[in-house]
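Close look at the chain arrangement
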Amino acid sequence: MDSKLFPEGVQRCSFGKFMLWTGFILAFFLWGLYAAVLVLYNGIGTTGLDNYFGFGLWITFDLAVIALGAGAFFTGFLKYILKIKQLEKIINLTVIVGFICYSGAMLVLTLDIGQPGRAWFGYWHPNVHSMLTEVIFCITCYCTVLIIEYVPLILEQKQLNKVPFIHALAHNMHVNMALFAGLGTFLSTFHQGSLGGMYGVLIGRPYAFREGFFIWPWTFFLFVLSAVGSGPIFTVLVCTFMEKLTGKKLVEYKVKALMGKIAGTMLTVYIFLKILDTWAWATGYLPSVGLTFDDMFYGVAYGKWMMFTEIVLCGVLPAIMLITPSIRNKPALLYTAGLLDCVGITINRYVFTVQTIAFPAMPFDKWFVYYPNWVEWASSIMIVAYGFLVLSLSYRYLPVFPQERGLNYK
Amino acid sequence: MHMKEFKIKWGMVIDIDKCTGCGACMVGCQVENNIAPMTKKDPYNYVQALTSERDDADNKLRTLTWMNVYEMSNGKSFPEHEVAYLPRPCMQCGNPACVPVCPVVATDKNEEGGIVSQIYPRCIGCRYCMAACPYHARYFNWWDPLWPEGMDKQLSPAVSPRPRGVVEKCNFCHTRYAKAKDQARENGEDPMNLPEGAYVPACAEICPTGAITFGDLNNPEHKVHQLAKSPHAFRLLEKLGLDPQVYYMSKREWVRKQGDNYNAGDKH
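Throughout what follows, the structure given in this document is the object of discussion. This is a predicted model, so every value here is computed, not measured.

Side note on the overall build of chain B
Within chain B, the regular secondary structure consists of 7 helices and 10 strands. Taking 2.2 N^0.38 as the reference for a compact globule, 268 residues should give roughly 18 Å; the C-alpha atoms of chain B span a radius of gyration of 19 Å, in line with that estimate. For chain B, the C-alpha atoms occupy an extent of roughly 60 × 60 × 35 Å along the three principal directions. For chain B, buried positions account for 56% of its 268 residues. Summarising the internal contacts of chain B: among those between residues at least 6 apart in sequence, 67% fall at separations of at least 24.

Thoughts on the overall build of chain A
Scanning chain A from terminus to terminus reveals 16 helices and 2 strands. Over its C-alpha atoms chain A spans a radius of gyration of 22 Å, differing by no more than 12% from the 22 Å that the globule rule assigns to 410 residues. Overall size of chain A, expressed as C-alpha extent along the three principal axes, is 70 × 55 × 35 Å. Counting every position in chain A, which comprises 410 residues, the buried fraction comes to 60%. Long-range contacts, defined as pairs at least 24 residues apart, comprise 79% of the intrachain contacts of chain A with a sequence gap of at least 6. A total accessible area of about 16,400 Å² is found for chain A, and carbon and sulfur atoms account for 75% of it. Counting 27 positive and 20 negative side-chain charges, chain A places the averaged centre of each group 13 Å from the other.

Topic: the interface of chain A and chain B
Listed by partner, the interface residues are 57 residues for chain A and 57 residues for chain B. Interface area for chain A against chain B, summed over the two sides, is near 4,800 Å², with a carbon-plus-sulfur share of 59%. When the buried area of chain A at its contact with chain B is split by residue, A:Asn51, A:Ile203 and A:Phe364 rank highest and sum to 16% of it. At the surface where chain A touches chain B, the tally comes to 1 salt bridge. A salt bridge links B:Arg127 to A:Asp112; the shortest N-O distance between them is 3.0 Å.

Some details on a nonpolar patch on the surface
Residues and elements named next belong to chain A. Taken together, Phe24, Phe28, Trp31, Tyr34 and Trp374 make up a surface patch of nonpolar side chains, about 540 Å² in accessible area. With 4 residues, helix H1 (residues 15-42) is the single largest residue contributor to the nonpolar patch. Tracing the chain through its elements places Trp374 in helix H15 (residues 374-397).

Looking at unusual backbone geometry
Residue and element names in this part refer to chain B. Of note, the amide linkage connecting Phe78 to Pro79 takes the cis form, showing an omega dihedral of 10°. With respect to the helices and strands, the residue Pro79 is situated in the loop between strand S2 (68-73) and strand S3 (83-88). Although it is not a glycine, Gln92 sits at a positive phi angle of roughly 45°. Take Gln92: it is sitting in the loop between S3 and strand S4 (107-108). The exposure class assigned to Gln92 is buried, which follows from its relative accessible area of 0%. Even without a glycine there, the phi angle at Val105 is positive, about 50°. When you line up the elements, Val105 lands in the loop between S3 and S4.

Here's the deal with the nonpolar core
Side chains that are nonpolar tend, in soluble globular proteins, to be buried together. With 204 residues, the main nonpolar core has A:Leu93, A:Tyr199 and B:Tyr135 as its most contacted residues. The greatest single-element share of this core, amounting to 15 residues, is contributed by helix H11 (residues 253-288) of chain A. In contact with B:Tyr135, other than residues within four places in its own chain, are A:Met362, B:Tyr70, B:Arg88, B:Met91, B:Cys93, B:Leu236, B:Leu237, B:Leu242 and B:Pro244. Counting residues in hydrophobic clusters, the runner-up holds 7 residues, among them B:Leu217, B:Val224, B:Ala228 and B:Ala233.

Observations regarding the packing of helix H4 (residues 91-112) of chain A against helix H6 (residues 131-155) of chain A
Residue and element names in this part refer to chain A. Where H4 contacts H6, the two axes come as close as 9 Å, and the packing angle between them is 140°. Viewed along their axes, H4 and H6 adopt a mutual orientation that is oblique. For the pair H4 and H6, the crossing hand works out as left-handed. Here Asn92, Val95, Ile96, Gly98, Phe99, Tyr102, Ser103, Met106 and Leu109 of H4 lie close against H6, whose contacting residues are Ile139, Thr140, Tyr142, Cys143, Leu146, Ile147, Glu149, Tyr150 and Leu153. Here the contact of H4 with H6 is built from residues that sort into 13 nonpolar, 4 polar and 1 charged.

Let's talk about the pattern of salt bridges
All names here are of chain B. For the structure shown, the criterion picks out 22 salt bridges over all chains. The partner of Lys181 in a salt bridge is Glu111, and the shortest N-O contact between them spans 3.8 Å. You can see Lys181 sitting in helix H4 (residues 174-186) and its partner Glu111 sitting in the loop between S4 and strand S5 (117-118), a full 70 residues away along the chain. The class of Lys181 is buried, set by a relative accessible area of 13%. With a relative accessible area of 30%, Glu111 lands in the partly exposed category. For Asp144, the salt bridge goes to Arg164, with nearest N and O atoms at 3.3 Å. Note that Asp144 is positioned in the loop between strand S6 (138-140) and strand S7 (167-169) and Arg164 in the loop between S6 and S7, a separation of 20 residues in sequence.

Some thoughts on the side chain of A:Thr75
Assignment of secondary structure puts A:Thr75 in helix H3 (residues 71-81). Excluding its chain neighbours within four sequence positions, the residues that come into contact with A:Thr75 are A:Leu87, A:Ile91, A:Thr94 and A:Met259.

Some details on the sheet that holds strand S10 (residues 246-249) of chain B
Strand pairing in a sheet relies on backbone hydrogen bonds. The paired strands run either parallel or antiparallel. All names here are of chain B. Pairing is mixed across the open sheet formed by 4 strands, whose spatial order is S8-S1-S10-S9. Looking at strand neighbours, the two that pair on one side only are strand S8 (212-216) and strand S9 (233-234), the edges of this open sheet. Alignment of strand S1 (residues 10-15) against S8, held across 5 bridges, turns out to be antiparallel. Among the inter-strand pairings, Ile14 is bridged to a residue of S8, identified as Ile212.

Some words on the side chain of A:Glu404
Residues and elements named next belong to chain A. When you line up the elements, Glu404 lands in helix H16 (residues 404-408). Look at Glu404 and you get buried, because its relative accessible area is 2%. Within polar-contact distance, the side chain of Glu404 engages the side chain of Arg12 at 2.7 Å. Side-chain polar atoms of Glu404 contact the side chain of Tyr395, separated by 3.4 Å. Setting aside anything within four residues of it in sequence, one finds Glu404 in contact with Val10, Gln11, Arg12, Lys248, Lys249, Leu250, Tyr395 and Tyr409.

Examining the environment of A:Pro206
Looking at the element boundaries, A:Pro206 is found in the loop between helix H8 (177-200) and strand S1 (212-213). Judged by its relative accessible area of 1%, A:Pro206 is buried. Separated by 61 residues in sequence, A:Pro206 and A:Val145 have C-alpha atoms that sit 36 Å apart. Excluding anything up to four places from it in sequence, A:Pro206 contacts A:Trp281, A:Tyr285, A:Leu286, A:Leu291, A:Met296, A:Phe359 and B:Leu240.

Observations concerning the packing of aromatic side chains
Residue and element names in this part refer to chain A. Following the criterion strictly, the structure yields 49 aromatic pairs over all chains and no others. Residues Trp31 and Trp374 carry aromatic rings whose centres are separated by 6.2 Å and whose planes lie at 20° to one another, so their mutual orientation is stacked. Here Trp31 is found in helix H1, whereas its partner Trp374 is found in helix H15, with 343 residues between them in sequence. By relative accessible area, which is 37% here, Trp31 ends up partly exposed.

Scoring rules and cut-offs
Residue numbers run consecutively from 1 along every chain, following the written order of its sequence. To read the labels, note that chains go from A and ligands from 1, taken in the order they are written. A pLDDT threshold of at least 70 governs which residues receive local features in this predicted model, and a stricter bar of 80 or more applies before side-chain atom pairs are shown or counted, although totals over entire chains, interfaces and linings include all residues. Side-chain measures were taken over the full set of non-hydrogen atoms in the model, leaving aside hydrogen atoms and water. Only DSSP runs of H or I with at least four residues qualify as helices, and only runs of E with at least two residues qualify as strands; both kinds are numbered from the N terminus onward. It is over C-alpha atoms that the radius of gyration is taken, and the globule rule equals 2.2 Å times the number of residues to the power 0.38. Here's how the labels work: a residue is buried when its accessible area is under 20% of the maximum for its type, exposed when over 50%, partly exposed in between, all with a 1.4 Å probe on protein chains only. Pairs of residues are marked as contacts when any of their non-hydrogen atoms sit within 4.5 Å. Accessible surface area values rest on a Shrake-Rupley calculation with a 1.4 Å probe, where residue burial reflects the displayed protein chains alone. Counted charges follow a simple rule, with Lys and Arg positive, Asp and Glu negative, and His plus the chain ends left uncounted. Each charge is placed at NZ for Lys, CZ for Arg, CG for Asp and CD for Glu. When two components associate, each loses some accessible surface as probed by a 1.4 Å sphere; the sum of these losses over both components is called the buried area. Salt bridges, as used here, are contacts in which a Lys or Arg side-chain nitrogen is within 4 Å of a carboxyl oxygen on Asp or Glu. Every patch collects residues that have over 30% relative accessible area and no salt bridge, joining them within 9 Å if they carry like charges and within 5 Å if they are nonpolar side chains (Val, Leu, Ile, Met, Phe, Trp, Tyr). Nine residue types can take part in a nonpolar core, namely buried Ala, Val, Leu, Ile, Met, Phe, Trp, Tyr and Cys, and a core is a set of them joined through side-chain atoms within 4.5 Å. Axis definition: a line fitted to C-alpha atoms, limited for helices to the stretch in contact. Angles are taken between N-to-C directions and run from 0 to 180 degrees. Any angle from 65 to 115 degrees is called roughly perpendicular, while one under 35 is roughly parallel, one over 145 is roughly antiparallel, and all others are oblique. Two helices cross in a left-handed way if the nearer one is turned anticlockwise from the farther one by less than a right angle. They cross in a right-handed way if the turn is clockwise. All residues other than Ala, Val, Leu, Ile, Met, Phe, Trp, Tyr, Cys, Pro, Asp, Glu, Lys and Arg, Gly among them, are scored as polar; the first ten of these are nonpolar and the last four charged. For two strands to count as paired, DSSP must find a minimum of two bridges between them. Between N or O atoms, a polar contact is any pair within 3.5 Å; within protein, one atom must be a potential hydrogen donor and the other a potential acceptor, and residues adjacent in sequence are included only when both atoms are from side chains. Any pair of Phe, Tyr and Trp rings, taking the six-membered ring for Trp, is counted once the centres come within 6.5 Å. Such a pair is stacked with planes under 30 degrees apart, edge-to-face with planes over 60 apart, and tilted for the rest.

Put into structure tokens, the structure is as follows:
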């Protein structure tokens with residue numbers, strides 16, 4: 001029915017089947033939309049957040065998807081600035097994943113702030129000392145860059161591209177893409193860093209506070225490195241998931257292994273520094289403020305197991321797996337390492353958000369455990385559903401994978 | 001660490017040994033600052049009625065209590081068991097954790113007196129300041145404020161009620177400070193040199209045991225100037241380096257020890 005809209009020379013499932021799939025995803029999306037309307041109408045009193053936990057699932061979700069969306073800027077940097085040609089086979093997907101992650105994060109932030117109508121105050125009354133100001137500036141600017149990077153792909157849709165003006169526009173945008181890739185790299189590096197800096201400057205929160213280099217606490221650099229150490233492999237996981245779902249080969253394995261190698265190298269650097277940072281924090285900073293390493297953990301929810309899972313099982317192990325060619329070249333092991341890597345980074349963002357504020361800084365205070373309620377889950381799931389929709393539509397109608405024809409219909 | 005110095009530094013010295021934990025300071029604060037009572041039903045919000053109810057005052061994690069009284073214990077069993085009560089307003093830190101993090105300069109420490117301000121119409125409700133403050137002194141307006149019929153007549157005319165979705169906190173009853181300065185000007189006195197007692201926040205005024213002393217920490221003529229230097233005085237979490245303008249006093253060592261992150265000693 002809609003076969004005239006498909007990219008040149010590829011096959012897609014029937015329209016009916018696609019509608020069924022879209023309907024399934026839409027159900028989740030609408031559930032989340034209902035929650036979002038409640039939040040906007042009634043305020044965030046409808047969530048599980050409270051005076052103790054001003055930050056919760058939403059901020060964790062935001063930080064995690066932004067880290068995992070880092071594949072876009074880092075792969076763009078490698079492809080357009082460092083000219084690693086092989087990456088052009090996956091670059092379109094990284095841009096779409098990046099766009100979904102960033103625009104999704106911004107949607108969640110709109111729900112998360114108490115006064116969404118004042119979101120623009122970040123530009124109007126900026127506090128140049130606040131890491132969050134930098135995040136607001138960079139995240140909105142970078143989201144615009146991602147839209148600019150996404151547009152030529154839409155313009156290359158088979159029917160649209162027949163219009164000479166659109167064809168020329170898409171071509172010209174492509175020619176100038178290196179500029180946007182450079183701009184995106186600059187913006188994204190800084191705000192990935194300032195997201196880390198946001199926690200590192202919390203002088204009253206010993207779990208997160210870090211000394212630093214110049215005006216940046218260590219967490220600034222750790223967040224940048226962990227994002228580039230997980231973003232590229234997350235794109236590979238998304239690609240593989242799409243391959244399983246569609247039953248087609250979309251990107252050759254060599255490219256995926258290269259992405260794994262890139263992520264693995266960055267993850268290795270990150271995890272080495274993370275271990276040093278944790279050591280310095282536990283033996284240097286904590287005793288200096290009268291606390292011990294053991295004070296920082298509590299029960300199962302905030303136990304040490306989480307830290308060791310993050311650093312060893314989901315950090316050191318995938319780093320070794322990804323930098324070892326014989327392991328990386330086996331698909332099952334590459335994907336396992338990729339999953340562990342992404343889980344590790346998500347745990348990192350969770351503990352920095354929730355454990356940091358759960359720690360009773362006042363000695364006569366006590367630990368609280370935070371549970372997000374259904375409103376927070378539903379609206380977060382809405383963003384995931386939104387991602388699935390964008391990805392499904394892009395895959396069906398846009399020329400995302402340049403290798404698809406060659407790999408499937410020889 | 002860079003710190004802004006002020007000629008006048010309003011501060012409190014709270015004698016924990018005098019505090020009985022009666023909560024009068026909390027009530028005084030609520031009334032003075034137009035903190036809306038927590039009401040379950042919102043008759044004006046129909047969508048609310050379809051879903052969940054608002055929080056009642058029994059949800060202590062959602063209440064607005066600019067002044068909060070904490071209970072401390074020496075952890076021993078009877079007959080050695082002892083408790084102490086620690087009233088906690090905003091600490092008006094010299095090096096506040098909340099000010100540098102706010103993305104929109106909704107909170108600042110830039111006025112003579114050293115009180116950390118909060119501009120409600122500027123606040124975007126990101127709650128980063130809440131995440132930063134280890135004293136839990138900042139409160140978020142989870143619901144639209146609602147005064148049951150009749151109670152709105154008790155609203156204090158000098159204080160603006162806050163809308164839903166902004167962060168609020170104790171400001172040492174700043175409106176009383178403005179009033180005291182105006183009064184001084186009217187009387188031909190120097191508003192920058194207020195005598196002891198000309199400006200007192202509601203909590204200090206209402207405290208039945210006189211546990212809260214308020215004044216200019218920099219002014220030798222004010223009682224707090226001396227009290228803050230007492231060997232029994234300490235500040236909460238001194239070691240983190242936030243430099244609060246609220247001091248506590250106790251002759252009991254375990255109380256002093258608990259206030260300062262387990263071990264009193266050199267500052268970080």
